[in-house]
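# Coordinates in review
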Amino acid sequence: MISQVTCGIKISVKTSFEGTYFKNYRLHFAFSYQITIENQGKDSVQLQSRHWEIFDALNHPEIVDGEGVVGKKPTLKPGETHTYSSGCLLASPHGSMRGFFNMINFSNSKNFRVIIPSFKLHAPFALN
């Protein structure tokens, strides 16, 4: 598990290789990831949007921006956590992801960015 704290918000990431799939007549490697967002601060916050940079050893980097996470904009009081799962398909058995969440602090109405630490996506059979 990879973790990082930014502005009192801890982001933890777990990854898993899910298998290979054919899509549009091409082989893809499927990965899932579980993100846990923990409010270690003293103010209530809400996740507004996300930004992902997806790196695939056989393709150009892909940028994904969107509102919330899996259709939700969770609000976290101090000490609360929110966990969600998602995934991606790569053309290669090797890749990585990194990004950030845009959040708002309800105490002072300020927007801030929380870093999602870089994490690797590797199919176990492809590791040395």
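Residues numbered from 1 in each chain as written. Predicted model: local features only at pLDDT ≥ 70, side-chain atom pairs only at ≥ 80, totals over all residues. Heavy atoms only, no water.

### Observations concerning the sheet that holds strand β2 (residues 9-23)
The strand order across the open sheet formed by four strands is β1-β2-β3-β7, and the pairing between neighbours is antiparallel. Of all the strands in the sheet, just β1 (2-6) and β7 (81-90) have a single pairing partner and so form its edges. When the angles between neighbouring strand axes are averaged without regard to direction, this sheet yields 25°. Judged from the 14 bridges that link them, β2 and strand β3 (residues 26-39) form a sheet pairing that is antiparallel. (Pairing = 2+ DSSP bridges. Helix = DSSP H or I, 4+ residues; strand = E, 2+ residues; numbered from the N terminus. Axes fitted to C-alpha atoms, helices over the stretch in contact; angles between N-to-C directions.)

### Remarks on the pattern of salt bridges
Summed over all chains, the structure comprises two salt bridges. Here R98 ties to E53 by a salt bridge, and the two come within 2.7 Å at their closest N and O atoms. Of this pair, R98 sits in strand β8 (residues 94-105) while E53 sits in strand β4 (residues 45-56); the two residues are 45 residues apart in sequence, bridging distant segments of the chain. The class for R98 is partly exposed, based on a relative accessible area of 40%. Salt-bridge contacts for E67 lead to K73; the nearest nitrogen and oxygen are separated by 2.9 Å. Residue K73 is classed as partly exposed on the basis of its relative accessible area, which comes to 36%. (Salt bridge = Lys/Arg side-chain N within 4 Å of Asp/Glu carboxyl O. Buried < 20%, exposed > 50% of the residue type's maximum accessible area, 1.4 Å probe, protein only.)

### Focus: the packing of aromatic side chains
The full count for this structure, using the stated rule, is six aromatic pairs. Relative to F119, the ring of Y33 has its centre 5.7 Å away and its plane inclined at 50°; by these criteria the two rings are tilted. Taken together, the positions of Y33 in strand β3 and F119 in strand β9 (residues 110-122) put the pair 86 residues apart, joining distant regions of the chain. Considered together, Y33 and F119 belong to a single accessibility category, that of buried residues. Geometrically, the ring pair formed by W52 and F119 is edge-to-face, given 5.9 Å between the ring centres and 90° between the ring planes. Of the two residues, W52 is situated in strand β4 and F119 in strand β9; the sequence distance between them amounts to 67 residues. As far as the burial class goes, W52 and F119 line up, both buried. (Phe/Tyr/Trp six-rings, centres within 6.5 Å; stacked < 30°, edge-to-face > 60°.)

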